[in-house]
Amino acid sequence: MSPTSPASPARPASPKGPAPTRRLTTAQALVAFLARQYTERDGRRQRLISATWGIFGHGNVAGIGQALVEAGHGGNGTAHRMPYLQGRNEQAMVHAAVGYARQSGRLSAQAVTTSIGPGATNLVTGAALATINRLPVLLLPGDTFATRPADPVLQQLEVPYAGDVSVNDCLRPVSRYFDRITRPEALIPAALQAMRVLADPAETGAVTLALPQDVQAEAYDWPEEFFAERDWHIRRPAPDTHELDAAVRAIRSARRPLIVAGGGVRHSAAEETLAAFTAATRIPVASTQAGKGALRHDHPADVGGIGHTGTAAANELARTADLVIGVGTRFSDFTTASGTLFSNPAVRFLHLNITAFDAHKLAALPLVADARAGLEALTAALAGRGYRVDPAYETEYTGAKEAWEERVEASFATPDPTARPTQTQVLGLLDDLVTEEDILINAAGSLPGDLHKLWRTRSRDQYHVEYGYSCMGYEIPAAIGVLLATGTGQRTRPVWALVGDGTYLMNPTEIVTAVQENLPLKLLILQNHGYASIGGLSESVGAERFGTAYHHRDPDGGFTGPPLPVDLAANAASLGLRVLRAATVDDLRKALSEARDADGPTCVYVETETPDTVSGPPPAQAWWDVPVAETASRPAAVKAREEYDRQVAARRRHL
């Protein structure tokens, strides 16, 4: 029975009577409302909330749970049904929804419902990830009783000085909008505000509606207009004329300009517009983690990743640039090399960003606009004025790019097919296999650095590395969200979740969901017996790789014994995956090909070789500030502090 079935009809109004209403519980009304919200951009219309993930407990089973039963069955056709997706971990459900939203271009999102207590607090990490990355997700945690008939209830946090606080208040700082629905009628303005934020390209992120469990089940006569289909237009604000004129003047006066493309290029679907702008101006384009793929890897103007994990070509251009043009980027510390990268004394910044907050960073000339609209305006304003970079500059950066490609080839090379592969050789084998169809998902460990430096992106959405929050455990659930967003009948695009052993152990539970839904997830597990990325960082800052290896304890209390006998492949198989083990380069080449062709969830497991004596990634091409102990007795820390003081002396505030 659905909210629109004969059992809950709209109450017609008399010619002079009140407006028609529909009697539903608060939870039923919310689900019915969500199923009728749409976004529209560039003439394309889609559901704003396409489905709801949920794990049920006493805080949501009788409210949202019961409403989803009604919304998923019967009723007037399928247009306003609310599909339900079953998760295994609340944080992972948010990651899946975020992966879906990113793949959907932020035009469609998903909701996540949990019970009170640990179910609700498990949302916090996922909410932070969504908000930091500016990706929409709707969170619907259950809450304690609004009427307080029993106080405290199971899992309630008691705050002696504030009776209106619950664990859901942990979600306030990581949400772009938060409200607690303590009366049914309060849902109407809160739900409308929630949709506004989800659909706002400048404000979007995690949106939380905390739902007391008694209010969820309470009935109310809702105005019928609340359930009308509603379109939320995704705007493309054009730049201010004054800001545009200043931007054009800055570009025309630049001798060594450099574009830094961020995630805003992708969110705006501005890749073709960026390519047209570079074709007219020949300005080179470096990319952040979120912006990689803004241009194909073989585009003449693409010089690769920028910053601490960037390429030598991009970073050398950054050091000598006199104008840095940011397009849809937040300029994080990885991008700026902690304030040491843009070292030209004459450097200036021009930031095209849909949020004024980001557009003004680094004392930049702001160009507050949608990325596509802003690039179109810049291209038109520069047309006919004869601006194009000096041919010598173009020759310089194309030559630097060719030199870097030689380093990529050396890292990917596999001279011994019977040897155990290194991590970069694993990427090289995958690089040989994939087409522009494939999507790679990663978030944490040493893989993001290797991918940012080395991966050859073939399409606008192939490179899916979450590096705003760099959250271990994002990859598997995000891959499920991407698969749900890309599925087309009998054929879905090949979606690869790349994880190390440390990340796998953080959050493998949604493998069960992939098996349940028969989603052709391609999970690639790289076993290197510990936290390789942090181990390397630990060594560089004088912490001597302490606590980063997955090894048995030694007699002195350290962790230098044999590797732990943990069989992640067996674990993945126990959760329902088909597992292909690869011991050598040749084994891995065959396993990757077999996994790519598989029509069900499949895992490739490989133990990697350390790159000490075989091919490995090029070292960091720019610094990253991780403070080192100012005083220490151990030689490693003393030496690391000397290097830190040398590097930090180059930091610069751009004012």
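These numbers were taken from a predicted model, which means no experiment stands behind them.

Here the focus is a nonpolar patch on the surface. Nonpolar side chains collect at one region of the surface, where Phe 56, Val 61 and Tyr 84 lie side by side and expose about 240 Å² of accessible area between them. Under the relative-accessibility criterion, Phe 56 is labelled partly exposed at 34%.

The next subject is the pattern of salt bridges. Considering all chains together, one arrives at 40 salt bridges under this definition. For Asp 221, the salt bridge identified is with Arg 23, shortest N-O distance 3.1 Å. Placement of Asp 221 in strand β11 (residues 219–223) and of Arg 23 in strand β2 (residues 21–25) is noted, with a sequence separation of 198 residues between them. Given the relative accessible area of 28%, Asp 221 is considered partly exposed. Residue classification places Arg 23 among the partly exposed residues on the basis of a relative accessible area of 41%. Glu 607 serves as the salt-bridge partner of Arg 420, at 4.0 Å between the closest nitrogen and oxygen. With a gap of 187 residues between them, Arg 420 in the loop between α15 (391–412) and α16 (423–433) and Glu 607 in strand β24 (residues 602–607) connect regions that are remote in the sequence. Look at Glu 607 and you get partly exposed, because its relative accessible area is 26%.

Turning our eyes to something else, we now look at the sheet that holds strand β4 (residues 44–47). A sheet is described by the order of its strands in space; here three strands give the open sequence β4-β3-β12, paired in mixed fashion. Two strands bound the open sheet, and with one partner strand each, they are β4 and β12 (230–233). Strand-to-strand twist of the sheet, defined as the mean angle between neighbouring strand axes without regard to direction, takes the value 30°. Where strand β3 (residues 37–41) meets β4, four bridges bridge the pair, whose relative direction is antiparallel. Bridge pairing links Glu 40 to Arg 45 in β4.

Here we come to helix α1 (residues 26–34). With nine of nine residues buried, α1 lies mostly within the body of the structure. Among all positions of α1, only Thr 26, Ala 27, Gln 28, Ala 29, Leu 30, Val 31, Ala 32, Phe 33 and Leu 34 are buried.

Moving on, we come to the packing of aromatic side chains. Per the stated rule, a full pass over the model turns up 13 aromatic pairs. Ring centres of Trp 222 and Phe 226 lie 5.8 Å apart, and the angle between their planes is 20°; on these two criteria the pair is classed as stacked. Of the two residues, Trp 222 and Phe 226, both sit in the buried class. When the centroid spacing of 5.1 Å and the interplanar angle of 70° are considered together, the rings of Tyr 531 and Tyr 550 count as edge-to-face. Separated by 19 residues along the polypeptide, Tyr 531 in the loop between β22 (521–527) and α21 (532–540) and Tyr 550 in the loop between α21 and α22 (568–574) bring together distant segments of the chain. Relative accessible area serves as the criterion here: at 18%, Tyr 550 is assigned to the buried category. Here a set of aromatic residues connected by ring pairs shows up, and it is made of Phe 33, Tyr 220, Trp 222, Phe 226 and Phe 227.

Attention now goes to the side chain of Thr 39. Checked against the element boundaries, Thr 39 lands in strand β3. For Thr 39, a relative accessible area of 0% corresponds to the buried category. Among the polar contacts listed, one links the side chain of Thr 39 to the side chain of Gln 46, at a separation of 2.7 Å. In this structure the side chain of Thr 39 is engaged in a polar contact, spanning 2.6 Å, whose partner is the backbone oxygen of Leu 107.

With that settled, the discussion passes to the pairing of β3. Within β3, four of the five residues are buried, leaving the element largely enclosed by the surrounding structure. The antiparallel pairing of β3 with β4 creates a hairpin that spans two residues between the two strands, and Asp 42 there sits at a positive phi of about 55°.

With that settled, the discussion passes to the sheet that holds strand β13 (residues 257–261). Taken together, the six strands give an open sheet; going across it, the order is β15-β14-β13-β16-β17-β18, and neighbouring strands pair in parallel fashion. Each edge of the sheet is formed by a strand with only one pairing partner; in this case those strands are β15 (302–305) and β18 (365–368). Ignoring strand direction, the axes of neighbouring strands in this sheet form an average angle of 20°. Examined bridge by bridge, β13 and strand β14 (residues 285–287) share three bridges and lie parallel to one another. Directly across from Ile 259, in β14, lies its bridge partner Val 285.

This next bit is on helix α17 (residues 447–454). Within α17, eight of the eight residues are buried, which leaves it mostly tucked inside the rest of the structure. The complete set of buried residues in α17 reads Leu 447, Pro 448, Gly 449, Asp 450, Leu 451, His 452, Lys 453 and Leu 454.

For the rest of this paragraph, the subject is the environment of Ala 250. In this fold, Ala 250 is placed in helix α8 (residues 241–253). Among all residues touching Ala 250, those that are not within four sequence positions of it are Leu 323, Arg 348 and Leu 365.

On to unusual backbone geometry. The peptide bond linking Asp 151 to Pro 152 adopts the cis configuration, its omega dihedral lying at 10°. Counting through the fold element by element, Pro 152 comes out in the loop between β8 (137–143) and β9 (177–180). Even without glycine at this site, Arg 134 takes up a positive phi of about 60°. Tracing the backbone through its elements, the reader meets Arg 134 in the loop between α5 (123–132) and β8. With a relative accessible area of 22%, Arg 134 lands in the partly exposed category.

Next up on the list: the environment of Asn 442. With respect to the helices and strands, the residue Asn 442 is situated in strand β19 (residues 439–442). Here Asn 442 falls in the buried class, since its relative accessible area comes to 0%. Taking the C-alpha atoms as reference points, Asn 442 and Gly 57, 385 residues apart in sequence, are found 31 Å from one another. Those residues in contact with Asn 442 that lie beyond four places of it in its chain are Leu 447, Pro 448, Leu 451, His 464, Val 465, Glu 466, Glu 475 and Leu 498. Within the structure, Asn 442 has its side chain in polar contact with the backbone oxygen of Leu 498 (distance 2.8 Å).

This next bit is on the nonpolar core. Membership of the largest hydrophobic core comes to 52 residues, with the highest contact counts inside it found for Ile 251, Leu 274, Ile 306 and Phe 342. Per element, the largest residue contribution to this core is six residues, and it comes from helix α14 (residues 371–382). Contact partners of Ile 251, with chain neighbours within four places excluded, come to Phe 277, Ile 283, Leu 323, Ile 325, Leu 350, Leu 378, Leu 382 and Tyr 387. Membership of the second largest hydrophobic core comes to 49 residues, among which are Ala 210, Ile 480, Ala 497 and Tyr 605.

Another point: the confidence of the model for the protein chain. Looking at the protein chain as a whole, the pLDDT averages 93, with 95% of positions reaching at least 70. Of the regions scoring below 50 in pLDDT, residues 1–8 engages in 22 contacts with residues more than four places distant in sequence or in other chains.

Thresholds applied
- Residues numbered from 1 in each chain as written.
- Predicted model: local features only at pLDDT ≥ 70, side-chain atom pairs only at ≥ 80, totals over all residues.
- Heavy atoms only, no water.
- Patch = residues over 30% accessible without salt bridge, like charges linked within 9 Å, V, L, I, M, F, W, Y side chains within 5 Å.
- Areas by Shrake-Rupley, 256 points an atom, 1.4 Å probe, with all protein chains shown as cover.
- Salt bridge = Lys/Arg side-chain N within 4 Å of Asp/Glu carboxyl O.
- Buried < 20%, exposed > 50% of the residue type's maximum accessible area, 1.4 Å probe, protein only.
- Helix = DSSP H or I, 4+ residues; strand = E, 2+ residues; numbered from the N terminus.
- Pairing = 2+ DSSP bridges.
- Axes fitted to C-alpha atoms, helices over the stretch in contact; angles between N-to-C directions.
- Phe/Tyr/Trp six-rings, centres within 6.5 Å; stacked < 30°, edge-to-face > 60°.
- Polar contact = N/O pair within 3.5 Å; in protein donor to acceptor, adjacent residues only side chain to side chain.
- Contact = heavy atoms within 4.5 Å.
- Core = buried A, V, L, I, M, F, W, Y, C linked by side-chain atoms within 4.5 Å.
- pLDDT = per-residue confidence, 0-100.

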